[in-house]
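Understanding the architecture of this molecule
For reference, the chains in residue letters:
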Amino acid sequence: MVMAVLFGIAAPSAAVPVFARKYGYNCTMCHSNFPRLNDYGQRYRLNGYRLPGREDDDKTVLETPAPFAMRTSAGFNSDKFKNTVDSTDVDQFQLNGLDILSGGLIGRDVGYFMIYTPQINGSRGVVAQDGSLEMANVVFALPKRMFNTVRVGRFEPAYVAISAKRSLTFSPYEIYDVAYPAGLPFSDTQTGIEFAGAGRCGIRYAAGWVNGTSNNTDDDMPSDLYVRVAKVFGEGEGQTAGQRIGMVSYIGKARPESGVGSRRTVKRFGADGSFNWTGINLSCQYMRGRDAAGIWDTGLAYKFSGGFVEASWLPTHMAVGFARYDWVNRPTVDEGGDVRRWTVGGRYYFEDNLALHVEYSDRREDRLVGPAATERMFTVRLDFAF
Amino acid sequence: MKGFIFALLFAALILALCGVNQQPAGFAEGQFLANGPLPPIPVPPDNPMTGAKIRLGQALYFDKRLSSDNTVSCATCHRPDAGWADVTPVSEGVAHQKGTRNSPSVMNAGYSIPQFWDGRAVWLEKQAVGPVQNPIEMDLTMEELLSRLNSIPGYVKMFEEAFGTKPTEEGVARAIASFERTIVSGDSPFDRYMKGDKKAMSPAAIRGMMIFNGKGHCTPCHSGPAFSDYRFHNLGVGYKDGKFADVGRYAVTNDPKDMGAFRTPILRNVALTPPYLHDGSEPTLESVIELYNKGGIPNPNLDPAMMPLHLTKREKADLVEFLKALTGELPKVGPPEKLPE
């Protein structure tokens, strides 16, 4: 739990000065407010890291400055727990993780993107971080095909409709955290292959085949498949312009929590929306899930549902305010019960790539026995990428 | 509670410290040519600039005898007193006939390769003789034009000095192009700002520059020293009832992806040259920005960079201020004291 909270606070996410440097653009070309992408940035990503409409002019990493960037955040964290077994209160200045990012074009129609998080031993206000190749994928652009891009490697899958990697908040989306066997967040990166495309009338679609849950062993065949379909109304991608609704279906196999035993079916179904009105965005996600009997220690099938509703307001490109409500309903077989979290905060941008982030989050998790576990997190920090 | 109060104090301190001096960056050199001071104007190797050619081109540019009814010269539609463009949405040619496209400014046109809204001419040399032969604009055949010029001793002499020949089509084109390459305007507040004079632009213009190269999504097309990529983009202008009033670049290439696409105009001195867009349909800079802010006019070929921007009132005003800061020192060029006789 402690680790989950700490890594939740230090959740790596992707704002990439590599691209801003490459083109000589300000960050707000692609980010409504970093790390969240605007519609142009979303199109750039979906276009395999090539500028929409200027694909022929784009240059490769060999022709442009060294494509590396970093992101970290530092400030004051206050995290108070009640009725939790293994959580420790935090009340101090902290340095929260480090992402090393790289991205660009390898060839004319071949892009790549990478996030490496070096291992950091926690001490004296430096938050611990596991070393990981968080993301490393190659994107093949296939113009005029049904699937415009094919992404291979480790990537943020399309079924994460509201990107957790580019979230405005440091507190995690609860439904994504809960919705996976063996504790791996549903929004975590996956290793595999994904086909994505854009059809007429604002239809967006993606299908993927990935290794799947973390409690599959290394030599398991890739087992998980997913499909996502979305529809955008109006111009844009539903990020900050246009309206978007979507749904995702995910089916996979997972071993029991113990890691021993045959693999069984996990299913997820989600619906999401992103609605924009002037500078206001309302994003929502609903998800239901069912894990077959035997995956969880209880031996029973595990059904849950939940989601979140998030509103953000950009009075100017230099500031954003946000509020979110998360909920997860879990079956009574789980020792952890329903989860409720609400989060409010804001970011003020001194520069496009330097934000003062203020956030308060209140989490409550019911228990089968005893009082509910609570967490109150407050953070003020500078979040910067360079 | 103590932690909460401490954190708030920390936030206030950071805000106070960081708010002291916000110095926005300008345009960084990137993959595409950065927006910055104008370089020397490109001159094709086979038409080097000479004084004799420029003087001849100046005379031809202002001479209404280059039109069938002696009423229209190049300067009629590309007026020096109107930023070397025209003040009406579309210009009038001979017999008060109206064209279909807005007259672009000749100022800094030498940087533009290709020419015309649809790019049908690559160099100014090709562009210069187009309007003369257009039946709506100046309505002269090349034979008639050369016959007229050959009948004017002053022109025969000037052609002899410039090219060592009698008046020819090639000579007319090269002379007008050479003259137009002298109509250059730089040294704007933006140029001075980029050279290090941080007071050259107002704070609003500086903010507008940040919007221009960021949230406004202007730079992907308006890049380079002249603020144009010289490519063709579809904003949806003129699209109604499933049709384009003007097919634009498609008329040149017959490529469906070019339907309704027009060349990115140069933005230097743009504040001097209303109305705007290829059909002159937007009367002010504010109305142009409003068009972009709503994401253009939806159509099947809309440029992928076009999408609603959600600019605030202040951001739009700042953008206008920045565009005004692109107004440079005007070229001290006008009609010759006397046309050749």
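Rules behind the numbers
- Residues numbered from 1 in each chain as written.
- Chains lettered and ligands numbered in written order.
- Predicted model: local features only at pLDDT ≥ 70, side-chain atom pairs only at ≥ 80, totals over all residues.
- Heavy atoms only, no water.
- Helix = DSSP H or I, 4+ residues; strand = E, 2+ residues; numbered from the N terminus.
- Buried < 20%, exposed > 50% of the residue type's maximum accessible area, 1.4 Å probe, protein only.
- Contact = heavy atoms within 4.5 Å.
- Areas by Shrake-Rupley, 256 points an atom, 1.4 Å probe, with all protein chains shown as cover.
- Lys, Arg positive; Asp, Glu negative; His and termini not counted.
- Charge placed at Lys NZ, Arg CZ, Asp CG, Glu CD.
- Phe/Tyr/Trp six-rings, centres within 6.5 Å; stacked < 30°, edge-to-face > 60°.
- Pairing = 2+ DSSP bridges.
- Salt bridge = Lys/Arg side-chain N within 4 Å of Asp/Glu carboxyl O.
- Patch = residues over 30% accessible without salt bridge, like charges linked within 9 Å, V, L, I, M, F, W, Y side chains within 5 Å.
- Disulfide = S-S within 2.5 Å.
- Domains from an automatic or database assignment.
- Buried area = accessible area lost by both parts, 1.4 Å probe.
- Polar contact = N/O pair within 3.5 Å; in protein donor to acceptor, adjacent residues only side chain to side chain.
- Nonpolar A, V, L, I, M, F, W, Y, C, P; charged D, E, K, R; others polar.

Thoughts on the overall build of chain B
Across its full length, chain B holds 13 helices and 4 strands. Expressed along its principal axes, the backbone C-alpha trace of chain B runs to roughly 95 × 50 × 30 Å. Among the 341 residues that make up chain B, the fraction classed as buried is 54%. Put simply, of all contacts in chain B between residues at least 6 apart along the chain, 69% involve residues at least 24 apart. About 15100 Å² of surface is accessible on chain B, with carbon and sulfur atoms providing 59% of the total. Taking the 35 positively charged and 37 negatively charged side chains of chain B as two groups, their mean positions are separated by 6 Å.

Things to note about the overall build of chain A
For chain A, the helix and strand inventory stands at 4 helices and 18 strands. On the principal axes, the C-alpha backbone points of chain A span a range of 60 × 45 × 40 Å. Taking all 386 residues of chain A together, the buried fraction comes to 58%. Considering only residue pairs separated by 6 or more positions, chain A has 57% of its internal contacts joining residues 24 or more positions apart. Across chain A, the centroid of the 43 positively charged side chains sits 5 Å from that of the 42 negatively charged ones.

Focus on the packing of aromatic side chains
Across all of its chains, the model carries 39 aromatic pairs over all chains by this definition. Considering the side-chain rings of Tyr226 of chain A and Tyr250 of chain A, the 6.2 Å spacing of their centres and the 0 degrees angle between planes classify their relative orientation as stacked. Here Tyr226 of chain A, found in strand S10 (residues 224-233), pairs with Tyr250 of chain A, found in strand S11 (residues 243-254); they are 24 residues apart in sequence, far enough to count as distant. For the pair formed by Tyr226 of chain A and Tyr250 of chain A, the shared burial category is buried. Taken together, a centroid distance of 5.8 Å and an interplanar angle of 85 degrees make the contact between Phe190 of chain B and Phe322 of chain B edge-to-face. Here Phe190 of chain B, found in helix H9 (residues 189-194), pairs with Phe322 of chain B, found in helix H13 (residues 313-324); they are 132 residues apart in sequence, far enough to count as distant. Residue Phe190 of chain B is classed as buried on the basis of its relative accessible area, which comes to 0%. Phe322 of chain B gets classed as buried once you look at its relative accessible area, which sits at 0%.

Some points on the pairing of strand S7 (residues 149-155) of chain A
Moving residue by residue along a regular strand, the side chains alternate between the two faces of the sheet. All names here are of chain A. The element S7 is extensively covered by neighbouring structure, given that 5 of its 7 residues are classed as buried. Sheet analysis places strand S6 (residues 132-141) next to S7, joined by 6 bridges and oriented antiparallel. Pairing of Val139 across the sheet is with Arg151, part of S7.

Considering the pattern of salt bridges
All names here are of chain A. Enumeration according to the criterion identifies 49 salt bridges over all chains in this entry. Close ionic contact of Arg341 with Glu375 constitutes a salt bridge, the shortest N to O distance being 3.6 Å. Note that Arg341 is positioned in strand S16 (residues 336-351) and Glu375 in strand S18 (residues 373-385), a separation of 34 residues in sequence. Each of the salt bridges in this network shares a partner with another, and the network as a whole consists of Glu174, Arg330, Arg341, Arg363, Glu365, Arg367 and Glu375.

Section: a nonpolar patch on the surface
A grouping of Phe233, Ile245, Phe275, Leu282 and Val309 of chain A is seen on the molecular surface, where their side chains present a nonpolar patch of about 390 Å² in accessible area. The exposure class assigned to Phe275 of chain A is partly exposed, which follows from its relative accessible area of 32%.

With respect to the environment of Pro40 of chain B
On the secondary structure map, Pro40 of chain B appears in the loop between helix H1 (2-18) and helix H2 (51-62). A sequence separation of 144 residues divides Pro40 of chain B from Val184 of chain B, and the C-alpha atoms of the two residues are 9.7 Å apart.

Side note on the state of the cysteines
All names here are of chain A. Across all of its chains, the model carries 0 disulfides over all chains by this definition. The structure places no disulfide on Cys30, whose sulfur is separated from the nearest cysteine sulfur, that of Cys27, by 9.1 Å. Judged by its relative accessible area of 15%, Cys30 falls in the buried class.

Considering the pairing of strand S3 (residues 68-82) of chain A
All names here are of chain A. With 11 bridges joining them, S3 and strand S4 (residues 90-107) adopt antiparallel strand pairing. Residue pairing in the sheet places Thr72 in a bridge with Leu98 of S4. Sheet topology places S3 next to S18; 12 bridges connect them, and they run antiparallel. When the sheet's bridge partners are listed, Thr72 is paired in S18 with Phe384.

Considerations on the domain arrangement of chain B
Residues and elements named next belong to chain B. According to the domain assignment, chain B contains domain 1 (2-39 + 186-324) and domain 2 (51-180). Listed as interface residues are 23 residues of domain 1 and, on the opposing side, 25 residues of domain 2. For the pairing of domain 1 and domain 2, the buried interface totals around 1900 Å² over both sides, and the portion due to carbon and sulfur atoms is 56%. On inspection of domain 1 and its partner domain 2, the count reaches 1 salt bridge. Between Arg101 and Asp246 there is a salt bridge, with the nearest N and O atoms lying 2.7 Å from each other. Viewed at the interface, domain 2 and domain 1 are joined by 9 residue pairs in polar contact (both at pLDDT 80 or more). Here the side of domain 1 that touches domain 2 is built from residues that sort into 13 nonpolar, 5 polar and 5 charged.

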